[in-house]
Amino acid sequence: YFDRVNLMLNPDEDDHSSLTTTQRLDNYTRGATDSALEALYFQYGRYLLISSSRTPGAPANLQGIWNKDVRPPWSSNYTTNINLQMNYWPVETANLSELSAPLNDLINHVATTGRETATSFYHAPGWVLHHNSDIWVATNPVGDFGKGDPMWANWYMGANWLSRHLWEHYLFTGDRRFLTSAYPIMKGAAEFSLAWLQPFRNYLVTMPSTSPENVYYYGDHQIGNVTIAATMDMSIIRDLFSNVIAASTVLNKDAEFRKQVANAKTQLYPLHIGSQGQLQEWYEDFTDIDPHHRHTSHLYGLHPATEISPLLTPEFAFAAKRTLELRGDDGTGWSLAWKINMWARLLDGDHAYRLLRNLLRITRETDAKYGEHGGAYPNLFDAHPPFQIDGNLGGTAGMIEMLLQSQNSELHLLPALPSAWKSGSVSGLVGRGNFVVNMKWSRGQLDEAEVYSRIGGPCTLRSSHSFVIKETQQHSAPSKQGHVLSFNAKLGKTYHVSSVDNER
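Residues numbered from 1 in each chain as written. Predicted model: local features only at pLDDT ≥ 70, side-chain atom pairs only at ≥ 80, totals over all residues. Heavy atoms only, no water.

(A) Region of the structure containing the overall build of the protein chain. Within the protein chain, the secondary structure is distributed over 15 helices and 21 strands. In terms of overall dimensions, the protein chain is globule-like: its C-alpha atoms have a radius of gyration of 22 Å, near the 23 Å expected for 504 residues. Along the longest, intermediate and shortest principal axes, the C-alpha atoms of the protein chain span 65 × 55 × 50 Å. The burial tally for the protein chain puts 59% of its 504 residues in the buried class. In the protein chain, the proportion of contacts linking residues at least 24 apart, taken out of those at least 6 apart, comes to 65%. Counting only carbon and sulfur atoms, one obtains 51% of the accessible surface of the protein chain, whose full area is about 20,200 Å². For the protein chain, the distance from the average site of its 41 positive side-chain charges to the average site of its 50 negative ones is 5 Å. (Helix = DSSP H or I, 4+ residues; strand = E, 2+ residues; numbered from the N terminus. Rg over C-alpha atoms; globule rule 2.2 N^0.38 Å. Buried < 20%, exposed > 50% of the residue type's maximum accessible area, 1.4 Å probe, protein only. Contact = heavy atoms within 4.5 Å. Areas by Shrake-Rupley, 256 points an atom, 1.4 Å probe, with all protein chains shown as cover. Lys, Arg positive; Asp, Glu negative; His and termini not counted. Charge placed at Lys NZ, Arg CZ, Asp CG, Glu CD.)

Okay, here's the thing in structure tokens:
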């Protein structure tokens, strides 16, 4: 598992391996350059996932397998409003697809208990999962010994978000047998959402609705956290409906249900841009009580979903960028990791790199136990604080997003390469369509790449500069964003990509 991926950043840089990790983190926090430490952190995330998500077994929780407390923070549970999902963001792209099995097993189990919760709590079909689960696969709303705040305890979108992971596993592997078994679970989540949606202003909305775990001002400076049609709700449902429609089409089944879902999707409350140019978090342009809140839930459509894209929806991409600017570059460890992924999706490698440096600022056990300023402990564990493994795994996923993206039915090579990574190489990354990608670059530009097709099928490549494919002698064509080339890849064949500048 571990040897499938190699990453080398700025190989000609000074060697710091004679220093301890703590010394390197100290120096790095004070502004030193240490690209090898960044590469080490990348592989460390892969190691942590390999170690805590083996099969058969339980999926990685908030501490992986490294909890040291009798009563651990948040009970070492599965928090499904971001943290569990973030643990598995690198599982496909980092060439560890088999290690998604524990998560897929958990999804199967919560889909079973979630049907009981949907029936007994809401008299609704399908299945539902609230913000927190555990190895006993609880799906009902839970709180802090009966004192749960609705802004997190009553969030009910876990089933929909986890269903995205089932669809992603299919997109990366092309495994129709898996999709056949996963589709009923995705359909069940859609059934609950269809029953939950209600008409409002000629749209379908969620009501009541929350945006984990945020609050806002409304009216005469009153504080609210429950509303209708929170942007995250609508984006998650839109994403789920799109994926259910696509899965139903691939499997050629449930045509009538597909029409029902497609019709409802057209009526969902749309995205809105607020008075500051930001993507609105709520159905009205309410004022944030905490403008630097750690959650960026309303940007779900940018990442992990694909609703917002600089290439396809530039207006909303700009609004997402404005949202991130307003939220700021600070936050807890996992929050920083999510922002790395988002800035990468906005194709801004330098800003993503700035967040990576924040994620690697040294934090010590003596620092605030439950703080808003995360970083890395001396052993590279992610500091929420306290320790949460999702920041490590999300950080690894974010670095991959800087090097390879494939969410727009194409392989985007070095889409968000920061200027700090002037030269380097990476091998073994995986894109949707089950393509394995190796790349080398220098002077901040792609030199060459290899694309291996595990299952065959259409392949579109995008790069910032012109390139040619050796096997087909095709040359890329310029587009609004870099250069693009499409071809039909054969199963088991490797295609060699060269920069035209290098050819000359």
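(B) Summary view of helix H1 (residues 21–29). Taken residue by residue, H1 has Arg24, Leu25 and Tyr28 as its buried positions. The buried residues of H1 all sit within an arc of 100 degrees when viewed along its axis, so they share a single face. Of the surrounding elements, those touching the buried residues of H1 are helix H2 (35–52), helix H13 (349–359) and strand S9 (375–376). Positioned one or two residues after H1, Gly31 has a phi angle of 110 degrees, which is positive. (Arc of directions from axis to C-beta.)

(C) Just the pattern of salt bridges, in detail. Applying the stated rule across the entire model yields 20 salt bridges. The salt bridge partner of Asp288 is Arg327, with a shortest N-O separation of 3.3 Å. With a gap of 39 residues between them, Asp288 in strand S8 (residues 287–288) and Arg327 in helix H11 (residues 314–327) connect regions that are remote in the sequence. Among the residues examined, Asp288 registers a relative accessible area of 24% and is labelled partly exposed. Beyond isolated ion pairs, a larger network of salt bridges with shared partners links Arg164, Glu168, Asp239 and Arg432. (Salt bridge = Lys/Arg side-chain N within 4 Å of Asp/Glu carboxyl O.)

(D) Representation of the sheet that holds strand S6 (residues 216–218). Judged by pairing direction, the sheet is antiparallel, and its 3 strands sit side by side in the order S7-S6-S8 without closing on themselves. Strands with a single pairing partner mark the edges of an open sheet, and in this sheet they are strand S7 (222–224) and S8. (Pairing = 2+ DSSP bridges.)

(E) Layout of the packing of aromatic side chains. By the definition in use, this model includes 20 aromatic pairs. Relative to Tyr283, the ring of Phe200 has its centre 5.8 Å away and its plane inclined at 85 degrees; by these criteria the two rings are edge-to-face. With Phe200 in strand S4 (residues 198–200) and Tyr283 in the loop between helix H10 (255–266) and S8, the pair connects residues that are 83 residues apart, well separated along the chain. Under the relative-accessibility criterion, Phe200 is labelled partly exposed at 22%. Seen from their ring centres, Tyr216 and Phe286 are 4.5 Å apart, and the 10 degrees between their planes marks the pair as stacked. (Phe/Tyr/Trp six-rings, centres within 6.5 Å; stacked < 30°, edge-to-face > 60°.)

(F) Broad picture of the sheet that holds strand S17 (residues 467–469). Taken together, the 7 strands give an open sheet; going across it, the order is S1-S13-S14-S15-S21-S17-S18, and neighbouring strands pair in antiparallel fashion. Unpaired on one side and paired on the other, strand S1 (6–9) and strand S18 (474–475) mark the two borders of the sheet. Where strand S15 (residues 445–453) and strand S21 (residues 494–499) come together, 5 bridges link them in antiparallel fashion. Its bridge partner lying in S21, Val451 is registered against Tyr495.

(G) Quick peek at the pairing of strand S13 (residues 424–431). Judged by how many residues are buried, S13 sits mostly within the fold: 6 of 8 residues are covered. Strand direction decides the pairing type here: S1 and S13, joined by 4 bridges, are antiparallel. Paired with Leu7 across the bridge in S13 is Val426. Looking at chain direction, S13 and strand S14 (residues 435–442) are connected through 6 bridges and run antiparallel. Bridging from a neighbouring strand, Val426 pairs with Met439 of S14. Where S13 hands over to S14, the hairpin turn is made up of 3 residues, of which Gly433 adopts a positive phi near 95 degrees.

(H) Quick look at the pairing of S14. In terms of burial, S14 is largely enclosed, as 6 of its 8 residues are buried. For S14 and S15, the ladder comprises 8 bridges, and the chain directions are antiparallel. Of the residues in S15, the one forming a bridge with Asn438 is Glu450. The turn linking S14 back onto S15 is made up of 2 residues, and Arg443 within it adopts a positive phi angle of 55 degrees.

(I) Highlighting the environment of Asn95. In this fold, Asn95 is placed in the loop between helix H4 (90–93) and helix H5 (101–122). Spatially, the C-alpha atoms of Asn95 and Gln43 are 12 Å apart, while their sequence positions differ by 52 residues. Residues within four places of Asn95 in sequence aside, it is in contact with Arg4, Val5, Gly428, Val430, Val436 and Arg454.

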